[in-house]
Amino acid sequence: MRISARADYAVRAALELAAAGDDASLKAETIATAQGIPHKFLEGILGDLRRSGLVVSRRGGNGGYRLARPADSIAIADVIRAADGPLVSVRGVRPPQLTYTGPAESLLPLWIAVRANVRKILGEVTLADVATAALPDEVLGLAEDPEAWTNP
């Protein structure tokens, strides 16, 4: 699985909004500077997050962006899907739409299992969890495995 720059930037922008609090609005320039995200690219991402109902925007001197609902009700998966589409695909196709034959036939349940695990982690971890450094124990346990940090 690859996390695109667009998905990474979307999550980082949403985390800036989560850290700012429910009532605070941040300008795109502020988010871009804080996270080192190209401003024009971020504007497009924020538009996607707004259209998906994850953020709201207000124009004017006191305007900016804020989360549309509390950070503890927005999963990381929600942000990635809004920015990039499905969490897991194979050649751009969702796993249930694939068919294999012969010795490759059992690839389908493998891809489905990979998707289920990605969904489990990204669907259960919220913006609030990450913004407050309160990741679930299961996630921390996976990250503590030294093998998780190596590139085979």
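Quantities reported herein were computed from a predicted structural model and do not represent experimental measurements. (Residues numbered from 1 in each chain as written. Predicted model: local features only at pLDDT ≥ 70, side-chain atom pairs only at ≥ 80, totals over all residues. Heavy atoms only, no water.)

### Section: the pattern of salt bridges
Taken as a whole and assessed by the stated rule, the structure comprises six salt bridges. Ionic pairing is found between Asp8 and Arg12, a salt bridge with its closest N-O pair at 2.9 Å. Here the residue Asp8 and the residue Arg12 both occupy positions in helix H1 (residues 5–20), the gap between them amounting to four residues, near one helical turn. In this structure Arg12 comes out as partly exposed when scored by relative accessible area, which is 21%. A salt bridge links Arg69 to Asp78; the nearest nitrogen and oxygen atoms lie 3.4 Å apart. Asp78 sits in the partly exposed class, given a relative accessible area of 25%. (Salt bridge = Lys/Arg side-chain N within 4 Å of Asp/Glu carboxyl O. Helix = DSSP H or I, 4+ residues; strand = E, 2+ residues; numbered from the N terminus. Buried < 20%, exposed > 50% of the residue type's maximum accessible area, 1.4 Å probe, protein only.)

### Observations concerning the nonpolar core
Core analysis: the biggest nonpolar cluster contains 37 residues, and Leu67, Val79 and Leu127 have the highest contact counts within it. Mapped onto this core, the elements with two or more residues apiece are H1, helix H2 (28–35), helix H3 (39–51), strand E2 (64–67), helix H4 (76–84), helix H5 (107–124) and helix H6 (127–131). At nine residues, the largest contribution of residues to this core is made by H1. Not counting residues up to four positions away in its chain, the partners in contact with Leu67 are Ala14, Leu17, Ala18, Leu54, Val55, Val56, Ile74 and Leu127. (Core = buried A, V, L, I, M, F, W, Y, C linked by side-chain atoms within 4.5 Å. Contact = heavy atoms within 4.5 Å.)

### Describing the packing of aromatic side chains
One pass over the full model with this rule turns up one aromatic pair. Ring geometry for Tyr9 against Phe41: centres 5.5 Å apart, planes inclined by 80°, an arrangement best described as edge-to-face. Highlighted residues: Tyr9 in helix H1 and Phe41 in helix H3, separated in sequence by 32 residues. Classification of Phe41 as partly exposed rests on a relative accessible area of 33%. (Phe/Tyr/Trp six-rings, centres within 6.5 Å; stacked < 30°, edge-to-face > 60°.)

### Quick look at a nonpolar patch on the surface
Taken together, the side chains of Val130, Leu135 and Leu140 define a hydrophobic patch exposed on the protein surface, amounting to about 190 Å² of accessible area. For Leu140, a relative accessible area of 34% translates into the label partly exposed. (Patch = residues over 30% accessible without salt bridge, like charges linked within 9 Å, V, L, I, M, F, W, Y side chains within 5 Å. Areas by Shrake-Rupley, 256 points an atom, 1.4 Å probe, with all protein chains shown as cover.)

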